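Spelled out, the chains give:
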Amino acid sequence: MDMPSYTPAEAPVPEGEIVVERASTPQELGSRLNRTAADVVRFLMQQGEMVTATQSLSDDMIELFSAEIGAEIRLVDPGEEQEVELQKVLGVDELDDEDEADLVPRAPVITVMGHVDHGKTKLLDQIRNANVVAGEAGGITQHIGAYQVVKNGRAITFIDTPGHEAFTAMRARGAEATDIVVLVVAADDGVMPQTLEAIDHARAADVPIVVAVNKIDRDNADPDRVLAQLAERGLVPESWGGDTIVCQISALQNIGIEELLDNLLVVAELEDLEANPTGRAKGVVLEAELDVGRGPVATVLVQRGTLAVGDPLVAGAAWGRVRALINDKGEQVKTAGPSEPVQVLGLSEVAEAGDDFVVAPDDRTARQVAGKREHYHRVANIGGSASAINAGARLEDIFSQIQAGETATLNLVIKADVTGSLEAVTESLKKLERDEVKLSFVLRGVGGITQYDIQLAAASNATLIGFNVRPDRKARELADAEGVEIRTYEVIYHLLEDIENAMVGMLAPEFEEVVTGEAEVREIFRVPKIGAIAGCYVTNGTITRNSKVRFLREGTIIWKGTVNSLRRFKDDVREVATGFECGIGLSDFQDLKAGDIIETFEEREIPRT
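Residues numbered from 1 in each chain as written. Predicted model: local features only at pLDDT ≥ 70, side-chain atom pairs only at ≥ 80, totals over all residues. Heavy atoms only, no water.

K.L.:
Got a sec to walk through the pattern of salt bridges? Specific residues and values, please.
P.N.:
If you walk through the whole model with that rule in mind, you get 25 salt bridges. Its salt-bridge partner being R154, residue E269 comes within 3.3 Å of it at the nearest N-O pair. Separated by 115 residues along the polypeptide, E269 in helix α10 (residues 257–271) and R154 in strand β6 (residues 154–160) bring together distant segments of the chain. Assessed through its relative accessible area of 56%, E269 is described here as exposed. For R567, the salt bridge goes to D572, with nearest N and O atoms at 3.1 Å. Relative accessible area serves as the criterion here: at 53%, D572 is assigned to the exposed category. A network of salt bridges, in which partner residues are shared, links R470, R473, R476, E477, E518, R550 and E599. (Salt bridge = Lys/Arg side-chain N within 4 Å of Asp/Glu carboxyl O. Helix = DSSP H or I, 4+ residues; strand = E, 2+ residues; numbered from the N terminus. Buried < 20%, exposed > 50% of the residue type's maximum accessible area, 1.4 Å probe, protein only.)

K.L.:
Can you lay out helix α3 (residues 59–69) for me, pointing to particular residues and giving the numbers?
P.N.:
Note: α-helices contain 3.6 residues per turn, so residues at a spacing of three or four share the same orientation. Taken together, the buried positions of α3 are M61, I62, F65, S66 and I69. Seen along its axis, α3 keeps its buried residues to an arc of 125°; they face one direction. Summarising the geometry of α3, the exposed residues directed more than 90 degrees from the buried face are D60 and A67. Residues of α3 that are buried sit in contact with β1 (17–21), α1 (26–32), α2 (37–46) and β2 (72–76). Backbone geometry just downstream of α3 places G70 in the positive-phi region, at approximately 80°. (Arc of directions from axis to C-beta. Contact = heavy atoms within 4.5 Å.)

K.L.:
Help me get a handle on the pairing of strand β31 (residues 581–586), residues and values and all.
P.N.:
Summarising burial for β31: 5 of the 6 residues are buried, a large majority. When strand β26 (residues 531–544) meets β31, the two strands line up antiparallel, connected through 4 bridges. Note that in β31 the partner of Y537 across the bridge is E581. Where strand β28 (residues 556–568) and β31 come together, 4 bridges link them in antiparallel fashion. Following the sheet pairing, V563 is matched in β31 by L586. (Pairing = 2+ DSSP bridges.)

Structure follows, in structure tokens:
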């Protein structure tokens with residue numbers, strides 16, 4: 001029986017632009033547009049989309065219905081409108097409304113950018129090492145991704161941005177937190193693709209660029225050619241009548257570094273950089289990770305106020321009282337003022353690199369704001385996957401869909417060990433997209449692979465990719481039951497090769513890792529001349545001497561090797577089965593802790609069909 005054609009309800013559509021959250025349900029969309037949920041569901045059914053009144057809708061579905069009834073809408077991410085309210089709760093507006101009398105000069109924040117292998121790291125090392133006080137422990141400073149040096153009695157902060165193309169997004173974020181960009185160009189190589197990217201990022205951030213022409217000590221160096229290439233891109237050197245400061249340096253020979261620092265201080269003076277060092281701190285998260293011994297660690301750059309130990313801090317959906325602050329020399333400090341980079345310990349979870357942080361008025365406010373943000377992030381993730389549910393192809397099926405002339409969508413759930421890795425993997429994968437293959441990121445997160453990740457991958461027909469992380473036993477069992485494909489990698493290029501090969505139908509024979517045993521560390525024994533022995537309880541399978549082993553702490557791989565020794569009481573044994581206790585000695589690994597998981601495995605080849 002033919003369904004009657006859809007006729008929009010007669011109620012008038014609200015005038016002007018209507019804000020609609022992504023992933024809204026028909027109930028929510030209907031109430032915004034003066035329609036019932038039934039109106040929305042009926043219309044979408046006629047378009048071949050079977051939805052319920054409480055199901056999240058894709059962007060296309062929302063726009064289709066809105067266009068049908070003549071409504072002008074603006075789609076926003078869940079929580080985007082509410083974020084304005086959360087900022088008011090945190091009192092961010094009050095912090096931004098500075099009295100000029102409170103402002104004092106602050107150190108410039110410098111980001112060093114340029115093409116890979118053009119000498120950024122060597123330049124940063126030279127600057128850092130020249131400022132190390134003689135006799136400081138180890139002779140070098142601890143590298144936390146950012147550090148301060150002193151020149152002519154004035155501090156300069158440097159942010160170290162990774163050089164590989166995969167970290168483009170992180171480099172863009174570095175530019176947002178910066179006052180001046182130092183563009184490193186090799187005198188023998190000239191302007192390269194990443195040099196152009198760096199120029200674009202610096203211009204997007206609207207910050208001055210100082211050019212460092214490096215490697216002038218090389219025989220084939222041609223600084224004039226570099227200057228000409230830069231002039232073509234609008235960076236005309238001062239010596240050519242332009243306004244771009246150019247310093248010729250050799251990071252290897254330590255030539256021209258002092259002149260570069262002097263010029264940076266001159267540019268900083270012209271920029272008239274100031275900040276209020278009093279009151280609650282705010283700033284930006286430069287990097288974040290889950291440290292095995294210390295929990296969630298965030299490297300932050302303070303931009304106003306003073307951050308102190310004990311402050312209630314909110315960074316995105318993470319919050320906590322600052323337990324410790326560690327500076328770039330590895331020293332614990334009590335406070336950090338404007339332009340100072342420090343590592344923060346004490347957050348509830350891993351923050352996102354690029355998140356703003358602010359010290360909240362009190363613990364309760366910090367907890368509430370972080371909780372609401374986490375809720376909105378979760379809704380956004382679910383909504384983002386709503387349109388992709390059951391529409392995606394498995395990795396192995398991609399090529400057959402392409403051959404059939406279809407556009408294949410590869411749904412991915414990605415888990416990684418730190419936010420930097422997660423960003424790198426995501427950005428690298430995006431570059432593999434082609435007209436016939438689209439990538440949809442159902443979820444991206446930091447930490448071990450959990451049952452929730454498996455459930456989400458099963459619901460959205462997604463392939464689950466783990467980078468430097470592993471699933472626990474329950475997650476593996478659920479993946480087997482649900483038929484979820486888990487692929488784990490420790491090298492980014494292997495991951496990219498697999499995805500690329502799948503697209504051209506050339507997946508190589510796969511080695512399947514079969515977990516043969518699992519033991520939980522209950523106690524640590526120290527044996528003279530042998531070292532640490534893990535007193536374990538075998539929870540699954542069989543632990544065998546000389547088998548390959550992975551050491552997991554909260555789902556993250558922290559070591560790989562072999563089982564060196566295996567004992568039951570005082571006897572050496574070949575294997576220990578589930579339900580028994582044993583002592584396990586590992587090759588070259590002593591950092592044992594109660595609660596860690598020892599996972600033994602073997603590799604079996606699965607030929608492709």
